[in-house]
Amino acid sequence: MAKKLTIDGKEITARDDATIIQAAHEAGIVIPHYCYHPKLSVAGNCRMCLIELEGRPKLEISCNTPVADDMVVHTNSPKVIEGRRGVLEFLLINHPLDCPICDQAGECGLQDYYMSYGLYQSRFQEEKVHGRKVVDFGPDVVFDSERCILCTRCVRFCDEVTHTNELGIFERGDTAQIATFPGKQLDNPYAGNTVDICPVGALTSKDFRFKIRVWFLQETSSVCPGCARGCNINVHHHDGRVYRLKPRRNDAVNDTWMCDAGRFGYKSLHENRLLEAAARNDAGGLTPATMQDALARAADLLRDRNPATIAVLAAPQGTNEDCYLLAKLTAEMLPGCRITMIAGEPGDEDDFLLRADKNPNSRGAQDMGLPALASPDDVAQLAAAIDTGKIEMLVAVDVDLKAIFGTETFARLTAKLQALIVQGSAMRPGSEAAQVLLPSAAYVERHGTFTNFQGRIQRFNAAFAPPGASQPAWRIYRRLANLLGADWNYPNHEAVWADIADTVPGYGIDYAAIGDQGCLISSVDSPPSGRG
Amino acid sequence: MRKLTFWQRLYLPEILRGMLVTTRHFWINVLRQRHTVTQQYPEKPTYVSERYRGRHRLTRKEDGSPRCTACMLCATSCPALCIHIVAAEHSDPTVEKHPASFTIDELRCVFCGLCVEACPCDAIRMDTGIFALAAEKRENFIYPRELLLGDAMPENIAEGKAPAP
Ligand code: SF4
Ligand code: SF4
Ligand code: SF4
Ligand code: SF4
Ligand code: FES
């Protein structure tokens, strides 16, 4: 049974258990609010979401009023606007109004609503109550009690989502304030989300504070590559630099949250980047080369060899497009070569978002035809094969060679190897031993898809162009294959995807149809909702 | 084109008329010097209106620290994108932030004054009256915080006027 009601003259059918604010938001009518959050319990304390209900003498809060049949709701009547203005006046009585130095300025609920409903001429004559400023809440969160409007979103997050209960409201009246419980720190692995949900500048991120004013930032929808979950995110960037990552709502994957490890994963994007191609010269030194020359060198090294003596060492960090062309390249041009997929060290896992597999595309890589993740035995076998000379050449893709083999073993192996080609977005330990270095683009610099552990294909977008000579990995494989004599014609990532859609079971979907929320691999029986 | 008459083609009467004007002004200038409009620049400093938008300076609080709070509103309003500020945490926890670095590329600046208008705390002014910026290297036109605060003398720069007190 659904309920029928009228909001702002629009006939709406709402779920039985919906509140008015939910029904309105689903119908595209936005009601201003602070304490209401779609993924938290209802607190009903900010009074910003007032609406007029015909037949009721006073205004009601829409976040805590269930819908009923034949309700007539006005969200923008003069009485409602008057009410909102009053609420804002009270919220701002003790507010410091330090917008110019507040990090939230530009994305602040108080600013936004005050522009629409504010009183503009303050009637407050008295001294404002002063609170605690720059309070250290934990490794990443700073609190300012003067700016806090006591909406309790942060408290409810720690109680209901992470169940870590670090925060509470202490004291009462105009000295009431948010604080951490004695001896506790706001240091749970998801603490950064409190900064996102704080509607004002009371909670700010130490990492992001003062780096840039938010109005300079551009936003690109993307997917976190930090683990196999692939939380949906927005990349906030300016001038070819990422400043922060924010979770993007996807109820099937991450709701509206992300973990702190993923949140700060952007830092590695600007560290140690491999910007130019390089090839070893006759004197034995690595010298910069054009991409064309480096690829030609790599093709020469691959061509003159029995493919059975070539090993490819890759991590499932690449996109489906990368993995597909890598699988195709090895199958068609280097038949019989040995491919080893390296998972890397497993990390933290919990029953919320974090997955132990720290690769974004382990599932997709296998679907694209690359082998299953290798065991330590496989790595030992590979090392032995190099030692005995069965493997003469190694192609390393986005891996830390010294971590895989151990520094000493790797030094021994490089002496044995006749050739080493390294492709990656950063200089990783061991890359310096390469004969040819091929720079590839990081995920924020390119379009592509990952398949997460649930079997959900998720699309991400290029925020800015790849730096230096780096290119999306699939493009490197295409050029390499063509140098080896193939006739591949993939002008862009969508062409690669079209090929995947035609050939890989379960992936038969249009690139555009994947959309911003991703879609499940069609033939695979996956749990329909997130927590698999 | 109209044909010139014989007298006009001689040019002499016109030349004489012109010389007459010149000679009159010569004697006026020699005899009544204070009415001359010529300025003895750069020997004598020239007059600059109070509202003249000259080179920027950063003002200070009473305790001598910069007034600037690193809010970046000037950088936001600047149409030439020539103000670059790096904000940092202040050592005093009651102060939110301060400009760890504040540079203005005076070569890109169009001297529009929007930065002064945007500043909410009167931290940047263009009232120095300095208009003759000169340097031998482009880099010397990128004025750092110390120079804008008046702590350092511009290296390699000959200026038209000493900085306002
Ligand atoms: S700190 Fe922010 S989220 Fe927490 S109660 Fe205050 S305003 Fe709400
Ligand atoms: S849980 Fe995984 S995918 Fe989500 S933000 Fe963290 S690292 Fe990224
Ligand atoms: S005067 Fe105009 S162009 Fe120059 S720094 Fe200020 S705002 Fe920018
Ligand atoms: S507008 Fe004023 S206070 Fe803000 S950064 Fe510029 S000079 Fe500093
Ligand atoms: S959103 Fe309804 S009272 Fe706060």
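Residues numbered from 1 in each chain as written. Chains lettered and ligands numbered in written order. Predicted model: local features only at pLDDT ≥ 70, side-chain atom pairs only at ≥ 80, totals over all residues. Heavy atoms only, no water.

**Brief notes about the sheet that holds strand β22 (residues 456-460) of chain A**
Residues and elements named next belong to chain A. The 3 strands are arranged β21-β22-β23 in an open sheet whose pairing can be described as antiparallel. Every interior strand has two partners, whereas the edge strands, β21 (448-451) and β23 (519-520), have only one. One ladder, built from 2 bridges, connects β22 with β23; its direction is antiparallel. Bridge pairing in β23 places Ile457 opposite Cys519. Across the sheet, helix α8 (residues 320-333) touches β21 and β22, and the angle it forms with β21 is around 85 degrees. (Pairing = 2+ DSSP bridges. Helix = DSSP H or I, 4+ residues; strand = E, 2+ residues; numbered from the N terminus. Contact = heavy atoms within 4.5 Å. Axes fitted to C-alpha atoms, helices over the stretch in contact; angles between N-to-C directions.)

**Topic: the side chain of Arg446 of chain A**
Residues and elements named next belong to chain A. For Arg446, the location among the structural elements is in the loop between β20 (436-439) and β21. Side chain to side chain, Arg446 and Asp322 meet in a polar contact 2.8 Å long. Those residues within four positions of Arg446 in sequence are excluded, and the remaining contacts are Thr319, Asp322, Ala441, Phe460, Asn461, Ala462, Pro472, Ala473 and Trp474. (Polar contact = N/O pair within 3.5 Å; in protein donor to acceptor, adjacent residues only side chain to side chain.)

**Focus on the environment of Gln22 of chain A**
Residue and element names in this part refer to chain A. Secondary-structure assignment places Gln22 in helix α1 (residues 20-26). Once the C-alpha coordinates of Gln22 and Phe124 are considered, the two residues, 102 residues apart in sequence, prove to be 34 Å apart. Among residues more than four places away in sequence, those in contact with Gln22 are Arg15, Asp17 and Tyr36.

**Some points on the domain arrangement of chain B**
Under the domain assignment used here, chain B contains domain 1 (7-35) and domain 2 (57-153). Distance between the C-alpha centres of domain 1 of chain B and domain 2 of chain B: 52 Å. (Domains from an automatic or database assignment.)

**Notes on unusual backbone geometry**
For the bond from Tyr41 of chain B to Pro42 of chain B, the omega torsion is 5 degrees, close enough to zero to count as cis. Locating Pro42 of chain B in the fold gives a position in the loop between α2 (12-31) and β1 (57-58). The phi dihedral of Thr152 of chain A is positive, around 65 degrees, even though this residue is not glycine. Positionally, Thr152 of chain A belongs in the loop between β7 (141-143) and α4 (153-161). For Thr152 of chain A, a relative accessible area of 12% gives the class buried. Not every positive phi belongs to a glycine, and Leu81 of chain B is a case in point at roughly 50 degrees. Relative to the helices and strands, Leu81 of chain B resides in the loop between α3 (73-77) and β2 (83-89). (Buried < 20%, exposed > 50% of the residue type's maximum accessible area, 1.4 Å probe, protein only.)

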